[in-house]
Each structure stands twice: as structure tokens, then as C-alpha cells.
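# Structural characterization, general
These are the residues of each chain, in order.
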Amino acid sequence: MDKLLEKYLDEHFYLPPKNPSEEAQRRWRRAVGKIVKNPSRRFRMVPNLDRRSEDKAKVRSTQEKIRVTLYVQQAAFNFIDGLKKKEFHLTEDVIKAGFSISPDELALITSKHDSKVLKMHGGVDGISKKIRSTFDRGICASDLDTRQNIYGVNRYEEKPSRSFWMFVWDALQDMTLIILMVCALLSIAVGLATEGWPKGMYDGLGIILSILLVVMVTAVSDYRQSLQFKELDNEKKKIFIHVTRDGYRQKISIYDLAVGDIVHLSIGDQVPADGLYIHGYSFLIDESSLSGESDPVYVSQDKPFILAGTKVQDGSAKMIVTAVGMRTEWGKLMSTLSEGGEDETPLQVKLNGVATIIGKIGLLFAVLTFLVLLVRFLVDKGMTVGLLKWYSTDALTIVNYFATAVTIIVVAVPEGLPLAVTLSLAFAMKKLMNDKALVRHLSACETMGSAGTICTDKTGTLTTNHMVVDKIWIADVSKSVTGNNNLEDLSSVVSSSTLSLLLQGIFENTSAEVVKEKDGKQTVLGTPTERAILEYGLSLEGDRGAENRSCAKVKVEPFNSDKKKMAVLVSLPNGTSRWFSKGASEIVLQMCDMVVDGDGNGIPLSEAQRKNILDTINSFASDALRTLCLAYREVDEIDDNADSPTSGFTLVAIFGIKDPVRPGVKDAVKTCMSAGITVRMVTGDNINTAKAIAKECGILTDDGIAIEGPDFRSKSPEEMRDLIPKIQVMARSLPLDKHTLVTNLRGMFREVVAVTGDGTNDAPALHESDIGLAMGIAGTEVAKESADVIVLDDNFTTIINVARWGRAVYINIQKFVQFQLTVNIVALVINFVSACITGSAPLTAVQLLWVNMIMDTLGALALATEPPNDEMMKRPPVGRGESFITKVMWRNIMGQSLYQLVVLGALMFGGERLLNIKGPDSKTIINTLIFNSFVFCQVFNEINSREMQKINVFRGILSNWLFIAIIALTVAFQVVIIVFLGTFASTVPLNWHHWLVSVGLGSISLIVGVILKCIPVGSGENSATPNGYRPLANGPDDI
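Each residue is numbered by its place in its chain's sequence as written, counting from 1. Thresholds applied to this predicted model are a pLDDT of at least 70 for local features of residues and 80 or more for the giving and counting of side-chain atom pairs; totals over whole chains, interfaces and linings are not thresholded and use all residues. Based on all heavy atoms of the structure, the side-chain values leave hydrogens and waters out of the count.

## Thoughts on the overall build of the protein chain
Numbering of helices and strands runs from the N terminus, with a helix taken as a DSSP run of H or I at least four residues long and a strand as a DSSP run of E at least two residues long. Counting its regular elements, the protein chain contains 39 helices and 26 strands. Structurally, the protein chain occupies a C-alpha span of about 120 × 75 × 50 Å along its principal axes. Buried residues are those whose accessible area, probed at 1.4 Å on protein chains only, stays under 20% of the maximum for their type, while exposed residues exceed 50% and partly exposed ones sit between those limits. The proportion of buried residues among the 1039 residues of the protein chain is 56%. Across the protein chain, contacts joining residues at least 24 apart in sequence account for 74% of those joining residues at least 6 apart. Of the roughly 43500 Å² of accessible surface on the protein chain, 57% is carried by carbon and sulfur atoms. Charged-residue counts in this description rest on Lys and Arg as positive and Asp and Glu as negative, His and the chain ends being excluded. Where a charge lies is defined by one atom per residue type, namely NZ (Lys), CZ (Arg), CG (Asp) and CD (Glu). Of the side-chain charges in the protein chain, 109 are positive and 115 negative, and the distance between the mean point of each set is 6 Å. Any two residues whose heavy atoms approach within 4.5 Å are treated as being in contact. Every accessible area reported is derived by Shrake-Rupley at a probe size of 1.4 Å, with residue values counting cover from the shown protein chains alone.

What follows is the structure, given as C-alpha cells:
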């Protein structure tokens, strides 16, 4: 059965976990067809593909307009502008606030790239004066409100959130509930005509009250989910940017940005507002998101226009903000786009398939039940009073039959299955947010539970990212860096000229900077590596600052992970020029043919000396230090367009930078191994550094391989097939190497791969992987945009927590499916068999609505929100293509269904005799007992479903207060229904013996569960072990 079901689901309801095609999304929608009770609710978390297509068309149209504005010959526009020049007038508010340019004119200068008007206003300097901002101090925070009132806030118009009553309305759109309400009104009308007030209202009113209860519980659950997703969505939009305000550098939210702010941009940033370039180095902008043009745009003082929504592809710069929010093209574009919805997850689609199959079966049973009841009624009527005589009570009977049939559809179509995935994912995402992991895409949380490989960075993920210079080699001498005596220690072995050259190389060739904080203290900003070297330079500097920072920078080549170095060309006070280069030790050393001696002179670099330097680098690396070389080269002529030279440099120093392993990483890696997850370190560092850290973390084992990127790139596909399973460390790798490794792991080996990344160049690998994990602290905005999960604390242990929750989601949904399918089968069969044999259904419409709520909303809340436990990380992950409904689940479903059917059948056909129930109301007592026993069977089966394979179903139950609360609420309300609401629910109060029988019969399902778990199931291609996993070890906890 499971093979046939999986085959059908794979054909019609398969969806790739990432970047699904529109055809795949439309295919499963077609397969669902019309077997949907409430489309507005069931597909609430599914994207509207038509609306999404409209949005894409809007984006293309806007891009075309912007492209025309930016790239068509400017002369034509100048001519048009000359014909119809728009006049801008300063309003009283603008003048009163002290500004000299109107918001609309200022916004148009940047958005239209209007160099003519910019020049008319005095260029960038003139604009800054007119908006009362300075390049060195920025704006005053005290007039922020005034600026935002006049020039706007940096937000675009968003659609208001849906209110609670909109969710109530969605819940009321259920077609079966609408039909039941019509039946209830008919029942009230006929009842009042035949039985009078108030007795004639009870049946219909009971159905209406039950429907209202179902609707309210459903709406509350959905509304809470929407609030959780809204909160997570707000977290996704939290982007911070560096600005200069009140004369000091600070980090602010992009939503607090105002016109006049001085923004610091660097590689990987998304531009938060329109602005004008002040100064920078090698500043390249990717405008494809706005214009559709893939070629990067070089921004300079001649072309200073920077648009919101574009991305920094290379370099760094300062810009002054000229337009925010709805006055930018990006803001206008974003406000026109509708919420197309997030892509559905594979599990949601698969469970839509399961719901469709069961829905068709339920519809067939409902029709058959109604026909059987109607035929029996007509036959009985024909044999007694004849078919020509009709009474109002006959109409009431037929209405009740129809209501029962419709209620069977309510119970049989498990709309809650796909929605339970959403509930479970929302719960998991909320918990992960508290644990420093921001899930950007729903499917990632689900897919992470199946991850078999994690390709992780070293720096900042496995290590603390708190770097300090631990050792330095200069002039053939290695020194350990010890506290405050750095200058004395170094001065004892090198001359002052050598020291000056070292300091000049540190201060001129750095992307870090010293900034003043609010309290007047100075702090160093930049990447951890740059910060460590600059802080070391500051500790050496003493009073020599003016001397070492008196050069003028001519050109800067920022660091990138392809070149693995950075360079700067400076003009010296004596009129000469000098290139400084700093980067990966082996690469910079290859560029050198000379080395600085103790007196500051350059001497030829012999092969023996080169070998000694390489030994020093390897010695530093073996101590788990990150190594960097600093070198310089004198040049006579300056060519602004030429790249930095690749030879002829003189080696100055080698830095050994310490970056300790994070606490808990070793245990986390051990947990991964227990869980069948392979951890591979992919780093740009020296191979010896990488190996030392990998061994300390427990990643590199005796049978594993450490390889360098260039070696890996040179392998053929056949060699890679043999090599990749053994690779545990890849050093000196390029982003392309990471992308190749991920592609082969997914393609050749069918692995589910998670990848960490922080740089802009990591975006392709993050996009290619099954789960892209971007670093929240070190990661660029481009990397975060390409990722599925943002690790807010950059900690490897957090990644393992995502995997734990991913497994919890998968297993929780399996538990809920097992529980719900059992209820479906029993409710269908018991009503159908009873209708065929006795001519009446033992479970009424009101009772079935209550059962539906137990198994749908309440069941999902109880089972789909179980937190993860340690046992989940002691099994291998579920592989691609494994059956979701496993043989273990089918065994439990069939076993429990059979037990419940036997019990309820015995009560139905022999209950009066077995329990010695006599009297005129014996039939009502038996039907009440059947209903009560059926509900308690579900209560205990819900407890059973907490563990699908293990016997001890009570482990951890006390820590899950939500589960206990729902079970208690279900039992309490069941007592209320039986004791107090019998008039509406067609029940009578039971004596304590009958309560014991009901609870006892329900509790026996726990014993049945133990017996079932002792029955082995066949092990075919898909393992029949717990949840599709194979246990790795046995012990007391396995019981």
C-alpha cells in the first residue's frame, strides 16, 4: 500500500525543496482538483501563482522604464527636459526647517541621474549644504524627526495585516460547514413545525453551535500562526547600516535612515536609499534588481548616483542620502507588489496529496452512506405506511441523514494535514528565532532535518571570530606577541626604519578604521582579521602616528575571496609611490623576490630563505594560527587604470593570527556524527591551519582527507567521485570550489547538503545547496538574501539546533498523520457499516464535528508542536525519495483502527446484552457509550502517537505543557458534552460504570500500541524502522 501511495504522490505531488518550477507548482494544484472543503484556508500558505506572474510583469515594466531613464542617450532627455522643465518651489515647512531644496527635486536628481541639475546646485558639496549635512559629521540626531516629516521616512507602503475576523471569515468559507448550516436551519424549521418550541430547535441549534466552536478554534489557531509569521517577517527585514551622525560612526536600522545621513557602504551591502557618492575605492554597483542590466556600474565623483535596492559588488564608499522610502524607485516598486506568498514546502504538497486521496475516498463513503440510509428508510416506509404518505418528520429524518453524510466528509477530508505542516513550521521557526536562527524560507526548516552533509566555513563559525595577532615574523625573527610590551620586544630586533615600514604597511593597507564612539572612546571597525592587525599596529605605534599615516591613497583594491589578497597604491611625502599588498601567505610570498632585513633594506630572497619562510608559515599554521603576509613594491609611474603588480614585491612581515575554536563546537560535531551528518570544513585558510582547527573540532579523522582548492579543481569527474566522500577539509578554496563540491554532493551522491557562507561570492553555493546558511554577524546582505536560514550568532552549534528542529518537524508531522488517518478510517467505516446494517449512524453530525476538532486543530497543536529530543540526533537522516508514510506508521494505523472498530462494533451490535442495558432509552445510552468510547480511544491514541516505535510513550510528556493542556481540555469538554449538553449532542448522562468502560476501552489502546510495536515490519528499500530512520545504537533509552 505504501509503495502505491508513494508512487501516486511522486507522480502528482512531488515538489523540489528549493526553487520549484511554476509547472511543478501548477501540477499538484491540478491534481488536488475540487476535493477541497475550504480553498481560502487550505491554500492560505500557498503562493498565488497568477498574482506572482503579475508582480513579475510589474518588475519587468519598471526595470524597462529605469533602463530607458538610465541608459538611453541623455541628449534626448535633455531636449525633452528643455521643452517641459518642471518648476520646484520651496514650501514654508522646508524653509522654516532651514533646508534649501525641495524633497521632490532632490529625489529626482538621483533617480533621473540628472548631472545638469546636480551641477546647478553646486554638486554633491552644494547638496550637502542645502540639506544641512556635512561629510565628516553627518546630520544631527536632534533634527531627525524634522527631516523625516519633510523628506519622508525610509519605509514603503505595505498592505495592512489581516485582522482576526478575516480569519473567522476564512474558516466560514468551508463548503461542508455551509451545507451543514443550511441543514441545521432546515432542521430547525421542520423541528419547530413538528415538535414545537424549544424541543424542535435542539438538533439544528446543536449543529450550529458546533460549527461556531469549530470556526472559532480554527480562526484562533490560524490567527496565532499569522502573528508568528508576521513577527518572523519583521525580523527578516531588520537590516542595519553604518552611518556617521553627530560626528561619530554608529550602526542604525535602515528604517531610521534620513535624508542627509552619511552612509558607509562596503562589498555585499544592499543600498538602503537613494544617494550621492562622496568618495570611495573601486566602487562597483549591481543595478540588475532595478534596471535588469547584469553589467556592474562603476560609481565615481563623475557619476555619483546610487539607487536604493542595488547591491555593492566591489569596493567601498561613503554616500549622502538624498531620497528615502516612497521617493525612491525601489520603494515605489516594492509598494506595488502584492504578497505573492512563500513557496509551499515539499511536505505541505505531499500532504495535500494524501488529503486529496482520502478526501475522494471519504466523498465516496459519504455518498454511499447517504444512499444506504435513504434506501433503507424508503424501504421501511414503503413496507409500513406506504410511499404515498409523507409527514414533516420524514423530511427531518432525510435532512439528518444528509447532515450525517456531509459530516462524514468533514471528518474524512483531512484538510488539517497540510495545515499541520504550517503550524509545526511556525512553531519551530519561532523557537529557532529564540535560539539565534532566523529561518527565511519555510522549506529550509523542513529540509534541514534531512541534511546529510554540512559544508561549513571555519572562521567565525567553528571559531570565535575574536582575532588577535599571536605571532609575527619580521627580518628573519619570530616573536610572540605578549600584552603591552610589543614595541619594546620588536624594537630590540629591528631598526626604526623597519618598524616604520611595517606600521606604514599596516595603516595604509587596511579596510579597518578607527572611529570615535558616543562616549569619546576610539574603537576599531572592520573584519575581524583587519581589526586584529590594525589593533596590533596601534599597540606598536606609540607617538609615531603622523609619520605612518601621512601618505595619500591613490588606488585601493579591496580584498576578495578569489584573489585572496588586497592592495593599495600610496603616494609618499617624498614624491615617490608604493604598492602595499597583504593576503594569503603563499600567494603574497610568490609575488616577492626580496625581503626586508633588520635595518629596513630590501635584500634578495634566496631559495634557502624562501624555504625557511615557508617553514615559518607552516609552523604558525600548525599552531592553528591564520597566516598573512605583508609586502611592498616601489613604483616610478602611477597608472590609475592598472591593477596591482603580481611580482617584484619585497616581503615585510608574516602575521600569525589566533582565532580560538568556539566552546561547544567539538560536542556539536560529535552530535552530527551520531546523527549520520558529515561535517566538511571549506575554508580559504592555509591547509595546515585548517587541519589543526579541524582536528581540534573533531572534523578531520584518520580516514579523512584534507585537500587544497587548486588540487580539487584539477580532478576529473571520475576522480571526484572517488575523492569527495573522503574529503573532510578543503583549504585555500575559492567560492567556485565550494559551489562545485555542493553540486557534486547533490548530483553524484544524492546528498541533502547544507552550506554556510558569509561573503558575496558565497551566494552561488548558498543558492545551489538544499539549505543555505548565512552568517548574521559576518555575513553580507547579498549572502543573507541568497540564504534560507540566517545564523544570527554565527555559531556552528546553532546550525545543529536547526537540524534538530528540522527532524522534529518531520517526525511530528508523521505522528499527526498517523493519528489523523486512524480517526479517518474508524469514523468512515463505523458510520458506513452501521448505516448498511442498522439503518442509522451511531455518530451524529454534532458528535462528528467535535471528533473533527479533536483530530484536526487540537490534534495538530498537540502532536505537531513537540520539541526535539536527543534521540532524534542518534539516527541517520531521511534520504531523498524515502516514503513519508512508513511501514511502521501503516502498522500502527491499521492495528489501532482494527482495535477501535472491533470495540465499537461490539458495543453497537452487542452492547446492550454485554453491559446489561435495558429500558426505553437503552439505544441512546449505547450510542452515547459508543461516542464516549470513540473519543477516549482517540485521546489515548494521541498519547500513543507520541512515539511510533518506542514503547515508553510518556517520556518527556511532563515537559510538553501544551500537549497536557490539550488532552486535559479534550477530556474536560467531553465530560461537559456528555453530562450537560446531551440535548444538543444527542447524548445522555452516563453512570460511573459506563464511564469506567469508556475510559478503560480507550486506555487499552496503549496496550494495543505496545503489542503492535513488538511486531516487526518488513525491511524493504525504505527502512521500516522508526520514522524511516535506522537506529545506530541500542540501550535502555531505546525502550
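## Topic: the pairing of strand β17 (residues 592-596)
Following DSSP output, two strands are said to pair if at least two bridges run between them. In terms of strand pairing, β17 meets strand β20 (residues 649-658) through three bridges, oriented parallel. In the strand pairing of β20, M594 is matched with T650. Where β17 and strand β18 (residues 602-604) come together, three bridges link them in antiparallel fashion. The residue bridging V596 from the neighbouring strand is G602, located in β18.

## Looking at the domain arrangement of the protein chain
Residue ranges assigned to each domain were obtained from an automatic or database domain assignment. You can read the domains of the protein chain as domain 1 (91-154 + 257-338), domain 2 (437-463 + 662-794) and domain 3 (468-658). Computed from C-alpha coordinates alone, the two centres of domain 2 and domain 3 are separated by 30 Å. Across the boundary between the two partners, domain 2 contributes 14 residues, which contact 15 residues of domain 3. Carbon and sulfur atoms make up 43% of the area that domain 2 and domain 3 hide from each other, which totals about 1100 Å². A 1.4 Å probe defines the accessible area here, and the buried area is the portion of it lost by two parts on being joined, summed over both.

## Notes on the state of the cysteines
A pair of cysteine sulfur atoms is labelled a disulfide when the two atoms are within 2.5 Å. Under the defined criterion, the tally for this structure stands at zero disulfides. Lacking any disulfide linkage, C592 is separated from the closest cysteine sulfur, that of C629, by 6.9 Å.

## A short note on the side chain of H121
In this fold, H121 is placed in the loop between α8 (115-120) and α9 (123-130). Residues contacting H121, with those up to four places away along its chain left out, are I101, E105, I109, G126, I127 and K130.

## Digging into the UniProt feature "transmembrane region" (unreviewed entry) in the protein chain
When the UniProt feature table is mapped to this numbering, "transmembrane region" (unreviewed entry) covers residues 175-194, 200-220, 357-379, 399-428, 821-841, 893-911, 961-986 and 992-1012. The span residues 893-911 shows a helical share of 100% and a strand share of 0%, and its end C-alpha atoms are spaced 25 Å apart. In residues 961-986, helix accounts for 92% and strand for 0%; the two terminal C-alpha atoms are 33 Å from one another. UniProt positions are given in the numbering used here, feature names are shortened, and annotations may be inferred rather than shown by experiment.

## A few points about the packing of aromatic side chains
Aromatic ring pairs: the centre-centre distance and the angle between the two ring planes describe each pair. Stacked, tilted and edge-to-face are the three classes assigned to paired rings of Phe, Tyr and Trp, where Trp is represented by its six-membered ring and a pair needs centres within 6.5 Å; plane angles under 30 degrees give stacked, over 60 edge-to-face, the rest tilted. For the structure on display, the rule yields twelve aromatic pairs. Between the aromatic rings of W850 and F973, the centroid separation amounts to 4.9 Å while the plane-to-plane angle is 50 degrees, which identifies the pairing as tilted. Highlighted residues: W850 in helix α34 (residues 845-863) and F973 in helix α37 (residues 961-980), separated in sequence by 123 residues. Judged by relative accessible area, F973 falls into the partly exposed class, the value being 28%.

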